[in-house]
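Coordinate inspection notes
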Amino acid sequence: MGLRRGVAFNSYRGVFVITLTCMVLTLSMAIWKVGLTNASTRREAPVASNVGLRGIPHERTGKDMLDAVVYVAIRPEGYSGWEGNVKADDGTGMLRLSIESLRKVGQYAGEIYVITDMEQVLNTLERQYDATLIHFGGFGKLDAARGHYFNAVCDLKTKVFEFVPDTVATVLYLDSDIVVTTTLQPFLVEMQGVFDRKRGAEVPSMALFENNAPCGEGFPCWHAGILYLTREWSLPCLKAWHEYHSSYDYPLCTSKLETRTDTNTLPPECYDQSALSWANYVPSPCNRFHKIKGDSHLKWMNSASLGVAVTKLMASLRTFSHFTHNTRKNGHLGKGVRGWIYRSLVTRLFLSWRLGLKTPFDM
């Protein structure tokens, strides 16, 4: 008798799961059809083509509030097949999406610089989005046993003012997995007020967000994927950050280097965000950080939960949305049924339905 009840229960559960799945698919298709209509409408906006990218009034774009937006796009270590066709694992799809969102959604009409060694892959960015590619010649011989390549790429953030023209005084640095999800103007107005010397307060060395996870065991962490920098006030801090980051010579990192078992992997406590957070923690030119309000300007798109996915799809937009690697196809949250649901309900519908953007192939 108990066996029969168990079989019946499993049958009902199976029917429930199938029904729920069908409901989700039906809802997805309905929203997707609406999204296609909304997306086609949004793409008719003036910023959707190269014509008029610089013709939008300054009060809309904030062009007079920021000299440049800067990205770093360096091919992955050991990746040799980058000439010609772009593969799904080289990360350029996310970069293109970020720049497209900056122009179309952020309505930004100023300079965009991409520091890269992949000019042959990214040259269409110049024509499509009026972005300038800045050639990077390589790192030379690196200590691969220390996992140095990834850190060397990240360390280019500390040198952005060495690559851009001397006339660039203010920079917004963005990681390539940052999508601009509202107009950029309110954010830039806020930053302009923060760095206004006339306000009588000490000017910060940079403005950034707190990270949503600690850098180490309970050690508070700053997010290095979105940085508002000024040549006048940020350079001393960028130098201190580089010294910690390139040398690994700070207790948060050295303690983990001494105890690691895999010498080919660098512990997170030695990553760029950890080095920046350490520079802010100890006496240094990085002590004056301005914490940007995350609840107003940043949304973390890193949950594979169906409930959270729908909530994020419908929730109010913030200036930036961070699509971390672990939510995409090759990330640990992007695999299986949960990952498919997340990418379908959040990533694709969020980008196409709400923003009118194309979903890149590597998401």
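Scope of this entry: the structure provided in the associated data block. (Residues numbered from 1 in each chain as written. Predicted model: local features only at pLDDT ≥ 70, side-chain atom pairs only at ≥ 80, totals over all residues. Heavy atoms only, no water.)

Moving on, we get to the overall build of the protein. Helix and strand counts for the protein come out as 14 helices and 10 strands. Of all 363 residues assigned to the protein, the portion counted as buried reaches 49%. Roughly 17,300 Å² of accessible area belongs to the protein as shown, and the carbon and sulfur atoms make up 56% of that amount. (Helix = DSSP H or I, 4+ residues; strand = E, 2+ residues; numbered from the N terminus. Buried < 20%, exposed > 50% of the residue type's maximum accessible area, 1.4 Å probe, protein only. Areas by Shrake-Rupley, 256 points an atom, 1.4 Å probe, with all protein chains shown as cover.)

We now examine the pairing of strand β7 (residues 222-230). Taken across its nine residues, β7 has nine buried, putting it largely inside the fold. Two elements, strand β4 (residues 170-174) and β7, share five bridges in a ladder whose sense is antiparallel. Each residue of the ladder has a partner; that of Leu-172, found in β7, is Tyr-228. As defined by bridge partners, strand β6 (residues 206-210) adjoins β7 across four bridges and the pair is classed as antiparallel. Note that in β7 the partner of Ala-207 across the bridge is Tyr-228. (Pairing = 2+ DSSP bridges.)

A word on the packing of helix α9 (residues 231-247) against helix α11 (residues 272-281). Contact geometry for α9 and α11: axes closest at 9 Å, N-to-C directions at 125 degrees. Relative to α11, the element α9 is oriented oblique. Here α9 and α11 pass one another in a crossing that is right-handed. Contact residues: Trp-241, Tyr-244 and His-245 in α9; Asp-272, Ala-275, Leu-276, Trp-278 and Ala-279 in α11. (Axes fitted to C-alpha atoms, helices over the stretch in contact; angles between N-to-C directions. Parallel < 35°, antiparallel > 145°, perpendicular 65-115°, else oblique. Left-handed = near helix turned anticlockwise from the far one by under 90°. Contact = heavy atoms within 4.5 Å.)

In this section: helix α6 (residues 148-155). Of all eight residues making up α6, seven are buried, and the element is well covered by its neighbours. Within the span of α6, buried status applies to His-148, Tyr-149, Asn-151, Ala-152, Val-153, Cys-154 and Asp-155. Against the buried residues of α6 lie β1 (68-73), α9 and α11.

What follows is about the packing of α6 against α9. Following both chains from N to C, one finds α6 and α9 inclined at 175 degrees, their axes separated by 10 Å at the closest point. Relative to α9, the element α6 lies roughly antiparallel. Of α9, the residues touching α6 (which contributes His-148, Asn-151, Cys-154 and Asp-155) are His-242, His-245 and Ser-246. Residues that form the contact of α6 with α9 fall into these classes: one nonpolar, five polar and one charged. (Nonpolar A, V, L, I, M, F, W, Y, C, P; charged D, E, K, R; others polar.)

Next up on the list: the sheet that holds strand β5 (residues 178-180). Note on sheets: strands pair through backbone hydrogen bonds, and any given pair is parallel or antiparallel. Judged by pairing direction, the sheet is mixed, and its three strands sit side by side in the order β5-β10-β9 without closing on themselves. The strands lining the two open edges of the sheet, one partner per strand, are β5 and β9 (298-300). Ignoring strand direction, the axes of neighbouring strands in this sheet form an average angle of 25 degrees. Both β9 and strand β10 (residues 320-322) contribute to a ladder of three bridges, which runs parallel. Note on β10: the bridge partner recorded for Leu-298 is Phe-320.

Moving on: the nonpolar core. Core analysis: the biggest nonpolar cluster contains 44 residues, and Met-206 and Phe-289 have the highest contact counts within it. Within the second largest apolar cluster, 37 residues are counted, among which are Tyr-71, Val-180, Phe-195 and Ile-292. (Core = buried A, V, L, I, M, F, W, Y, C linked by side-chain atoms within 4.5 Å.)

A few words on the sheet that holds β4. The sheet built from seven strands is open, its strands ordered β3-β2-β1-β4-β7-β6-β8 with mixed pairing. Each edge of the open sheet is held by one strand with a lone partner, namely β3 (132-135) and β8 (289-291). Recorded for the sheet is a direction-independent mean angle of 30 degrees between the axes of neighbouring strands. Packed on one face of the sheet, α11 meets β6, β7 and β8 and runs near 65 degrees to β7.

Along the chain, Asp-177 turns up in the loop between β4 and β5. Looking at Asp-177, its side chain comes within polar contact range of the side chain of His-322, at 3.0 Å. (Polar contact = N/O pair within 3.5 Å; in protein donor to acceptor, adjacent residues only side chain to side chain.)

Across all of its chains, the model carries six salt bridges by this definition. Lys-104 serves as the salt-bridge partner of Glu-100, at 2.6 Å between the closest nitrogen and oxygen. In this pair, Glu-100 and Lys-104 are both assigned in helix α3 (residues 92-104), four residues apart and thus about one turn of the helix distant. Taken as a pair, Glu-100 and Lys-104 share a single burial class, namely buried. Across the pair Asp-155 and Lys-159 runs a salt bridge whose closest N-O atoms are separated by 3.9 Å. Given the relative accessible area of 25%, Lys-159 is considered partly exposed. Through salt bridges with shared partners, a single network forms among Lys-157, Asp-175 and Asp-272. (Salt bridge = Lys/Arg side-chain N within 4 Å of Asp/Glu carboxyl O.)

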